[in-house]
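Observations on the model geometry
Below are the chains, spelled out letter by letter.
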Amino acid sequence: MSETPSGLIVSPDNAIVWYDDALFVLDQRILPAEERYLQLGSAKETADAIRDMVVRGAPAIGVTAAYGVVLAARRAWSERGHAWRSGMDEPLRLLAESRPTAVNLFWALDCMRALIDGLGAGDPEAALLAEARRIHQRDAADNRRMGEFGASLISGPTEVITHCNAGALATGGYGTALGVIRSAWRQGRISRVFADETRPWLQGARLTSWELHHDGIPVSLQTDAAAAARMARGGIGWVIVGSDRIAANGDVANKIGTYALAVLARYHGVRFMVAAPTSTIDPDTASGADIPIEQRAGDEILSCAGQRVGTRGVEAWNPVFDVTPAKLVDALVTEKGVIEQPNRENIATMLAT
Ligand code: MRU
């Protein structure tokens, strides 16, 4: 990986860029202190960047992996010529193993694999690049549609809580949960966003508050544990989150702490919205119990901002996602529309349309 040449404009909506025939991603590990792009030169570097959270967020992982397949095809063509296809299995495997929970990764790789299967023996790069761009642009366009659908549910002005980062940084652009918030803010339906800091990786503190501030949307950062007190004081109309995988029955995997928020919301009479493209819905996963939950290194908890906070010798349990049962979800917003009280039947009906 190397740093990008000058010329790219740093913006949350520009987090993944195919520029000058190369792949650049905004390094989310160092935001907001530093705004720096990294160039990814191969599928292996792309898989490493996804695993190391240079780029994160379910749709963004899928889009980046699609471009990683383009890099793999470029190398396979230059090394093997017409036998390029024989060089694709290993990079596809590396990309698929980068992170386990976000189904958008596997969805995007399936799109690329389907195209690979249909290509001839000639140079595959142009066709694969066009498909990666299509996945990227479709995601950004879907998010804008979701923004409108989700905003229409909010009869504000009200305050909302969001968790983790489901913004432009986490997607092909505009954001899912933050896309709804951006649209609703423009329409005067949201007066303030309370962003959970999102321990341990601090996506809320570092990324969501950066994005909202960039847009001029009033944001207050709060500890994850403050959400109950915030709801008890009144004024919160909605909790709005994204998702990494939605099972066929409507159970929602999202950043650890989302389930707790959903329970709190139901107790306090606050409505709970999940905004996610249909590429996040996994019809092959029957229920939330079947969703693989990523466990990351305990050091993420035992340290904070590079400083050791846990006692040496103490272990940490660090599942980075949890599952919110469908019955706690008031509205599921996709690019196809809104499902109130999602369940197996209404999700299947929506996917079939
Ligand atoms: O571990 P992360 O930062 O990749 O987790 C991201 C989330 O949990 C997001 O809420 C989810 O991917 C939706 S992003 C539109």
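This structure is a prediction, so every number in the text was calculated from the model and none was measured. (Residues numbered from 1 in each chain as written. Predicted model: local features only at pLDDT ≥ 70, side-chain atom pairs only at ≥ 80, totals over all residues. Heavy atoms only, no water.)

Focus on the overall build of the protein chain
Note the following rule: Each helix is a run of DSSP H or I of at least 4 residues and each strand a run of E of at least 2, with the numbering of both proceeding from the N terminus. Based on C-alpha atoms, the radius of gyration is set beside the globule rule, defined as 2.2 Å times the residue count to the power 0.38. Burial here depends on accessible area, computed with a 1.4 Å probe over protein chains only, as a share of the maximum for the residue type. Under 20% is buried, over 50% is exposed, and the range in between is partly exposed. Whether two residues are in contact is decided by their heavy atoms: any pair within 4.5 Å suffices. Residue burial considers only the protein chains on display, and all accessible areas are found by Shrake-Rupley using a 1.4 Å probe. The sign given to each residue is positive for Lys and Arg and negative for Asp and Glu; His and the chain ends receive no count. Charge positions come from single atoms, namely NZ of Lys, CZ of Arg, CG of Asp or CD of Glu.
Within the protein chain, the regular secondary structure consists of eleven helices and 17 strands. For 353 residues, the compact-globule formula gives about 20 Å, and the C-alpha radius of gyration of the protein chain, at 20 Å, lands near that figure. Each principal axis of the C-alpha distribution contributes one length, and for the protein chain these read about 65 × 50 × 40 Å. A total of 353 residues make up the protein chain; the buried ones form 56% of that total. Put simply, 75% of the contacts in the protein chain that link residues at least 6 apart link residues at least 24 apart. In the structure as shown, the protein chain presents an accessible area of about 14,000 Å², 52% of it carried by carbon and sulfur atoms. Counting 35 positive and 42 negative side-chain charges, the protein chain places the averaged centre of each group 3 Å from the other.

Observations regarding the environment of L115
The residue L115 is located in helix α4 (residues 103-118) in this model. For the pair L115 and L128, spaced 13 residues apart in sequence, the C-alpha to C-alpha distance is 7.3 Å. Contacts of L115, omitting those with residues within four sequence positions, involve A127, L128 and E131.

Focus on the nonpolar core
For the record, the criterion: The definition of a nonpolar core used throughout is a set of buried Ala, Val, Leu, Ile, Met, Phe, Trp, Tyr and Cys residues joined through side-chain atoms within 4.5 Å.
Counting residues in each nonpolar core, the largest one holds 40 residues, and the members touching the most others are Y67, V69, M88 and M112. Elements with a minimum of two residues in this core: β2 (16-19), β3 (22-26), β4 (37-40), α1 (43-51), α2 (58-80), α3 (89-96), α4 and α5 (125-151). Considering each element in turn, this core owes the most residues, 13 residues, to α2. Excluding residues that lie within four positions of it along the chain, M112 makes contacts with A66, V69, V70, L128, E131, A132 and I135. The next biggest cluster of nonpolar side chains, apart from the first, holds 23 residues, and it includes M231, V270, L328 and I339.

Quick word on the domain arrangement of the protein chain
Many analyses report the size of an interface as the accessible area lost when the parts associate. Worth spelling out the cut-off: Residue ranges assigned to each domain were obtained from an automatic or database domain assignment. For any pair of parts, buried area is found by adding up, for both, the accessible area (1.4 Å probe) each one loses once the two are put together.
Along its sequence, the protein chain is organised into domain 1 (2-141) and domain 2 (143-352). Taking the mean C-alpha position of each, domain 1 and domain 2 sit 25 Å from one another. Tallying the contact residues gives 35 residues for domain 1 and 38 residues for domain 2. Contact between domain 1 and domain 2 buries roughly 2,900 Å² in total, counting both sides, with carbon and sulfur atoms accounting for 52%. Counting the surface domain 1 buries against domain 2, the share from its top three residues, P12, R56 and T101, is 23%.

A few points about the pairing of β2
Stated precisely, the cut-off is as follows: Only strands that DSSP links by at least two bridges are regarded as paired with each other.
Inspection of the sheet shows β2 paired to β3 by four bridges, in the antiparallel sense. Looking at β3, one finds that W18 is bridged to L23. Adjacent in sequence and paired antiparallel, β2 and β3 are bridged by two residues, among which D20 carries a positive phi angle near 55°.

Overview of the pattern of salt bridges
Side-chain pairs of opposite charge can arise whenever the charged atoms involved come near each other. Note the following rule: Basic side-chain nitrogens of Lys or Arg form a salt bridge, by our definition, when they fall within 4 Å of a carboxyl oxygen of Asp or Glu.
All told, the structure shown has 22 salt bridges when counted by the stated rule. Measuring nitrogen to oxygen at the nearest pair gives 2.9 Å for the salt bridge that ties E97 to R93. On the basis of relative accessible area, R93 is assigned to the partly exposed category, the value being 37%. Measuring nitrogen to oxygen at the nearest pair gives 2.8 Å for the salt bridge that ties R245 to D282. Taken as a pair, R245 in strand β9 (residues 245-247) and D282 in strand β12 (residues 281-282) lie far apart in primary sequence, 37 residues in all.

A closer look at the site of the ligand
Rules: Residues are labelled near a given molecule or strand when at least one of their non-hydrogen atoms is within 4 Å of it. Under the rule applied, a polar contact is a pair of N or O atoms within 3.5 Å (in protein, one hydrogen donor and one hydrogen acceptor; residues adjacent in sequence only if both atoms are side-chain atoms).
Around the ligand lies a shell of 18 residues, among which R56, R99, Q203, N254 and K255 are the nearest. Separating an oxygen atom of the ligand from a backbone N or O atom of A58 is a distance of 2.9 Å. In this structure, K255 approaches the ligand through a side-chain N or O atom, which is 2.7 Å from an oxygen atom. Against a free-state accessible area of 410 Å², the protein chains account for coverage of 99% of the ligand. For the shell around the ligand, the elements supplying multiple residues, two or more each, are α2 and β10 (252-255).

A closer look at the packing of helix α6 (residues 177-186) against helix α7 (residues 203-215)
Our working definition: For helices, the axis comes from a line fit to the C-alpha atoms of the stretch in contact; other axes are also lines fit to C-alpha atoms, and the angle between any two N-to-C directions lies between 0 and 180 degrees. Just so you know how the angles are binned, under 35 degrees is roughly parallel, over 145 roughly antiparallel, 65 to 115 roughly perpendicular, and the rest oblique. Each helix crossing is assigned a hand: it is left-handed if the near helix lies turned anticlockwise from the far helix by less than a right angle, otherwise right-handed if that turn is clockwise. Think of it as three bins: nonpolar holds Ala, Val, Leu, Ile, Met, Phe, Trp, Tyr, Cys and Pro, charged holds Asp, Glu, Lys and Arg, and polar takes everything else, Gly as well.
Here α6 crosses α7 at 25°, and the two axes come no closer than 12 Å. Relative to α7, α6 is oriented roughly parallel. When you trace α6 past α7, the crossing you get is right-handed. In contact with L178, I181, R182 and W185 of α6, α7 contributes T208, E211, L212 and D215. Among the residues making up the contact of α6 with α7, the classes are represented as four nonpolar, one polar and three charged.

A word on the environment of A72
Topologically, A72 is positioned in helix α2. Each C-alpha atom, one on A72 and one on D89, is 9.6 Å from the other, the two residues being 17 residues apart in sequence. Not counting the four nearest positions on each side in its chain, A72 is found in contact with A43, M88 and P91.

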